[in-house]
Each structure stands twice: as structure tokens, then as C-alpha cells.
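Take a look at the letters that make up each chain.
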Amino acid sequence: MANPYFRFKQFTVWHDQCAMKVGTDGALLGAWATVGAHEHHLLDIGTGSGLIALMLAQRSQALIDAIDIDAPACQQAKENVARSPFAGRIEVHHSSLSNYHPAERKYDLIASNPPYFIQSLKCPDVTRSQARHADSLSLPELLRESLRLLAHTGRLALVLPFDQRNILLEEAKQVGLHPYRETHVSTRQGTPPKRLLIELGQETITPLYDQLAIEDESHQYTPEFIALERNYYLKI
């Protein structure tokens, strides 16, 4: 049986009631997304166990909302938040994105590790399939609804398979979102990128690009990955 929790330096994430477990994608986005003194209100879409919300809370003083359509995941996220040092700044909501209408609030940063297996075969586990597939939240809907909730200067931060980059950029352009920053992530040095970390916003600017390899040729974490995750992972 897989470990029912994942311990980080400042908090522990239990995920046995969540369709999607703690994984590299969420850990990458939570450590990579731009957040600092100027970001006051953050939103985590599809929070699952609450991992990304907790990671963002660790390096900010922002107030964070986290939403998910799966009731057991929301309950577990609430429990993870309550046990963390950031309980007073994170609120978990059981809601779909389209039904989420916070009163008089726009977000400086929206982060999401979205369902992205658009054309793959579905898993027989309904809740896991719902978490993994875009039927429950299509990419156009994610972009359109995020734009509705973003402050004018806000950013939308996503992690996706790299092969969906062109689709994402085209869909983003259709709704008026433009790339600000991209990191192309390879599993190992010298291999093609497998993941895309990207931030989008409403202004047209010259985007920043860089690359990140998680492991070197000896299957050890690279210095760049260690620098990104050193404040979170226990063993680096």
C-alpha cells in the first residue's frame, strides 16, 4: 500500500482520500509559481490534498482559497490545512470552477495542476478519472473562468504535459491571455521536456524562457531542482 501521507519540511500532506496523490507536478508548480509581497489573494483550482495551496502559503503572507469538485478531497485538504502552520490563511471550498463566485475578490495568482489527459483512455476509478481527464474541466473553460477571477495584473500558473503547449497557447490567445514565463521541464538532463510550467497574464509582454532537468544522468537531483525544492523536500 502506498504511503498515505507525504511529509514536507513545514507541513504534512495526507492524500489517501484523494483521487490524485502528491506528485512531482504539484510540487513543481507550488515551488515555481510567482508569489511574494505583492500577491495578496491566491486561488488553487483543483486543490486535491491542498498541496499547492500549502506550498504557496509557506512562501507568502497571502490569503488563499482552494477549490475542488471532489468532496472527500476537500475534506482531506481541510484537515491538512488545519494541521499546518498556515491554517488561518487557507480556506477550502467544495465547488466547481464555473460555480465559484467569490464576493468582491479578484486573485493576484491562480494556480492549477489541471486534469489534462484529453485523449487518453479513462481509468475505471470514477473519481480518479474525473481528476485526470479534461471532461470535468476543459482547457478553454479553465482559461476562461480563470480570466474571470484574475486581477488585471494577475497571473495564471499551470503545469501541463509539454506536448500540450501549442494547444494551450492557442486557447489562451483566444480568451486574451498571453505567456509571461515558461519553464520546460525534463525528467533527466539531455532528454526532451515532458512538462510545461507556464504563467499567463492579460498584458502582451516578452515572455521569459528557461529549462529545468529534475535528475542528472546518474539519477540524482540536479542543483536547479534542489534549489527549487530545498525549502519543501525533507531529503534535499
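Up top you'll find the structure we're talking about.
Residues numbered from 1 in each chain as written. Predicted model: local features only at pLDDT ≥ 70, side-chain atom pairs only at ≥ 80, totals over all residues. Heavy atoms only, no water.

Student: Quick question: what am I supposed to make of the environment of Gly23 here?
Tutor: Inspection of the secondary structure puts Gly23 in the loop between strand E2 (12-14) and helix H1 (24-32). On the accessibility criterion, Gly23 (30% relative accessible area) is partly exposed. In sequence terms Gly23 and Phe6 are 17 residues apart; their C-alpha atoms lie 9.5 Å from each other. (Helix = DSSP H or I, 4+ residues; strand = E, 2+ residues; numbered from the N terminus. Buried < 20%, exposed > 50% of the residue type's maximum accessible area, 1.4 Å probe, protein only.)

Student: Which parts of the structure should I look at to understand the sheet that holds strand E9 (residues 195-201)?
Tutor: Pairing between the strands of a sheet is mediated by backbone hydrogen bonds and can be parallel or antiparallel. Ordered in space as E5-E4-E3-E6-E7-E9-E8-E10, the eight strands form an open sheet in which the pairing is mixed. Strands at the two margins of the open sheet, each flanked by one partner only, are strand E5 (90-94) and strand E10 (208-215). This sheet shows a mean twist of 15 degrees between the axes of neighbouring strands, independent of strand direction. Where helix H3 (residues 71-82) meets the sheet, it contacts strand E4 (63-68) and E5, and its direction lies at approximately 170 degrees from that of E5. Its contacts with the sheet put helix H6 (residues 165-175) on strand E7 (150-161), strand E8 (178-188), E9 and E10, and the angle it makes with E9 is roughly 10 degrees. (Pairing = 2+ DSSP bridges. Axes fitted to C-alpha atoms, helices over the stretch in contact; angles between N-to-C directions. Contact = heavy atoms within 4.5 Å.)

Student: What is the right way to read the pattern of salt bridges from this model?
Tutor: Side chains bearing opposite charge may pair, as long as their charged atoms lie close to each other. Going through the model one piece at a time under the given rule, you end up with six salt bridges. Between Asp25 and Arg195 there is a salt bridge, and its shortest N-O distance comes to 2.2 Å. Placement of Asp25 in helix H1 and of Arg195 in strand E9 is noted, with a sequence separation of 170 residues between them. For the pair Asp25 and Arg195, a shared accessibility class is recorded, and that class is buried. A salt bridge links Glu145 to Arg148, with the shortest nitrogen-to-oxygen separation between them at 2.6 Å. With a gap of three residues between them, Glu145 and Arg148 both fall in helix H5 (residues 139-149), about one helical turn apart. By relative accessible area, Glu145 is classed as buried at 13%. When its relative accessible area of 24% is taken as the criterion, Arg148 is described as partly exposed. Among the charged side chains, a network of salt bridges with common partners joins Arg155, Arg181 and Glu199. (Salt bridge = Lys/Arg side-chain N within 4 Å of Asp/Glu carboxyl O.)

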